[in-house]
Amino acid sequence: MQYKRILLKLSGEALMGSRQYGIDPDRLQEYAKEIKDITDKGVEVAIVIGGGNIFRGLAGASRGMDRVQGDHMGMLATVINGLALQSALEDEDIPTRLQSAIKINEVAEPFIRRKAIRHLEKGRVVIFGGGTGNPYFTTDSAAVLRAIEIGAEVILKGTRVDGIYSSDPEKNIDATKFDNISFADVLQKGLKVMDTTAFTLSQENELPIIVFDMNTRGNLYKVVSGENIGTKVNL
Ligand code: UDP
């Protein structure tokens, strides 16, 4: 395996599978199996999960809801997803801990960096729920922040597309895929990888990002073993 400790970012929307809302248990189970393939190889796995399948603060705000109130709902949504993922991982006999950035002690441990690292060293998957714990941030920012804090070597951004393209491949047949691209080129070309806050935090801390298609069986294993699928963003 090329990487010893990774941070996997899964969007909330990914958990919907073919649904319009909520959580598809089959999709969760597929993800749990993918993750088992790499934990079986001794890879230390931390996961940040989004909440967009349930609620996004920005969507609430666009309909007149107070933004901070909506973001609190979004953060809670990530905890719900985290619990669902924890359950699916435990069904695959993967020891798992859920740590939340917002205090919700009856359902999840509070985020404590040293404890998270200890869990990873003991072979437990650590799911970080609650985003960064602050409104006006995204779970992509949480993913970069946690990855840096726990010393992950790379962020794996599991998506529906198989990498970063020169333009939207669903709209433009001439769109070409990058195998590798620098942080500077992503910014200069105006490509969308993560929101700017998350992206520049990654760049400043020299933390590579790999964008790959998480919905094809075996892809997570391939990425972690160093196969060049997806797109790697590096210095
Ligand atoms: N959120 C937040 N602070 C954070 C992370 C998330 O307030 O640090 C809220 C925000 O409202 C966001 C929602 O939680 O819209 C769900 O997260 P996100 O949109 O990043 O989920 P994803 O797009 O990955 O499903």
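Residues numbered from 1 in each chain as written. Predicted model: local features only at pLDDT ≥ 70, side-chain atom pairs only at ≥ 80, totals over all residues.

On to the overall build of the protein. Check the secondary structure of the protein and you find eight helices and eleven strands. Along the longest, intermediate and shortest principal axes, the C-alpha atoms of the protein span 50 × 50 × 35 Å. Burial status across the protein gives 44% buried among its 235 residues. (Helix = DSSP H or I, 4+ residues; strand = E, 2+ residues; numbered from the N terminus. Buried ≥ 20, exposed ≤ 12 C-beta atoms within 10 Å, placed from the backbone.)

Feature annotation in UniProt assigns "binding site: ATP" (unreviewed entry) to the following positions: Lys9, Leu10, Ser11, Gly12, Gly52, Arg56, Thr159, Tyr165 and Asp168. Spanning 160 residues, the named residues do not form one spatial group; their C-alpha atoms are separated by as much as 25.7 Å. Relative to the elements of secondary structure, Ser11 occurs in the loop between β1 (5-10) and α1 (25-39). Looking at the secondary structure, you find Arg56 in the loop between β2 (44-49) and α2 (57-61). By the C-beta count within 10 Å, which is 20 here, Arg56 ends up buried. (UniProt positions renumbered as here; feature names shortened; annotations may be inferred.)

With that settled, consider α1. Note that an α-helix has 3.6 residues per turn; residues three or four places apart therefore point the same way. For α1, built from 15 residues, the straight-helix expectation of 21 Å at 1.5 Å per residue is met to within 8% by its first-to-last C-alpha distance of 21 Å. What α1 keeps buried is the set Leu28, Tyr31, Ala32, Glu34, Ile35 and Ile38. Projected down its long axis, α1 carries its buried residues within an arc of 160°, all on one side. Looking at the packing, one finds that the buried side of α1 touches β1, β2, α3 (67-91), β5 (125-129) and α8 (219-224). (Expected span 1.5 Å × (residues − 1). Arc of directions from axis to C-beta. Contact = placed C-beta atoms within 7 Å.)

As recorded in UniProt, the feature "binding site: UMP" (unreviewed entry) lies at Gly51, Asp71, Thr132, Gly133, Asn134, Pro135, Tyr136, Phe137, Thr138 and Thr139. A compact arrangement is adopted by the annotated residues: their sequence extent is 89 residues, whereas the largest C-alpha distance between any two is 14.1 Å. Following the sequence through the fold, Gly51 ends up in the loop between β2 and α2. Overall, Gly51 belongs to the buried group, with 28 C-beta atoms counted inside 10 Å. Sequence-distant contacts of Gly51, defined by excluding residues within four places in its chain, comprise Gly12, Gly74, Ala77, Thr78, Asn81 and Thr139. Checked against the element boundaries, Thr132 lands in the loop between β5 and α5 (139-150). A residue is classified by how many C-beta atoms lie within 10 Å of it, and Thr132, with 23 of them, is buried.

Let's shift gears to the sheet that holds strand β4 (residues 109-110). Here we have nine strands laid out as an open sheet, ordered β4-β3-β5-β2-β1-β6-β10-β11-β9, and mixed in their pairing. The two strands at the open ends of the sheet, each matched to only one other strand, are β4 and β9 (180-182). Pairing between strand β3 (residues 96-100) and β5: five bridges, direction parallel. Its bridge partner lying in β5, Ser100 is registered against Gly129. Across the sheet, α1 lies against β1, β2 and β5, angled at about 150° from β2, the strand it touches most. (Pairing = 2+ DSSP bridges. Axes fitted to C-alpha atoms, helices over the stretch in contact; angles between N-to-C directions.)

Among the 25 residues in the neighbourhood of the ligand, the closest are listed as Gly50, Gly52, Gly57, Gly74 and Gly131. Counting residues per element, the shell around the ligand draws most heavily on α3, which supplies six residues. Partitioning the shell around the ligand into residue classes produces six nonpolar, 15 polar and four charged. (Near = placed C-beta within 6 Å. Nonpolar A, V, L, I, M, F, W, Y, C, P; charged D, E, K, R; others polar.)

As a packed pair, α5 and helix α7 (residues 196-204) sit with axes 8 Å apart at the nearest point and diverge in direction by 15°. Here α7 runs roughly parallel to α5, going by the angle between their axes. Of the two elements, α5 crosses α7, and the hand of that crossing is left-handed. Residues Asp140, Ser141, Ala143, Val144 and Leu145 of α5 pack against Thr197, Ala198, Leu201 and Ser202 of α7. (Parallel < 35°, antiparallel > 145°, perpendicular 65-115°, else oblique. Left-handed = near helix turned anticlockwise from the far one by under 90°.)

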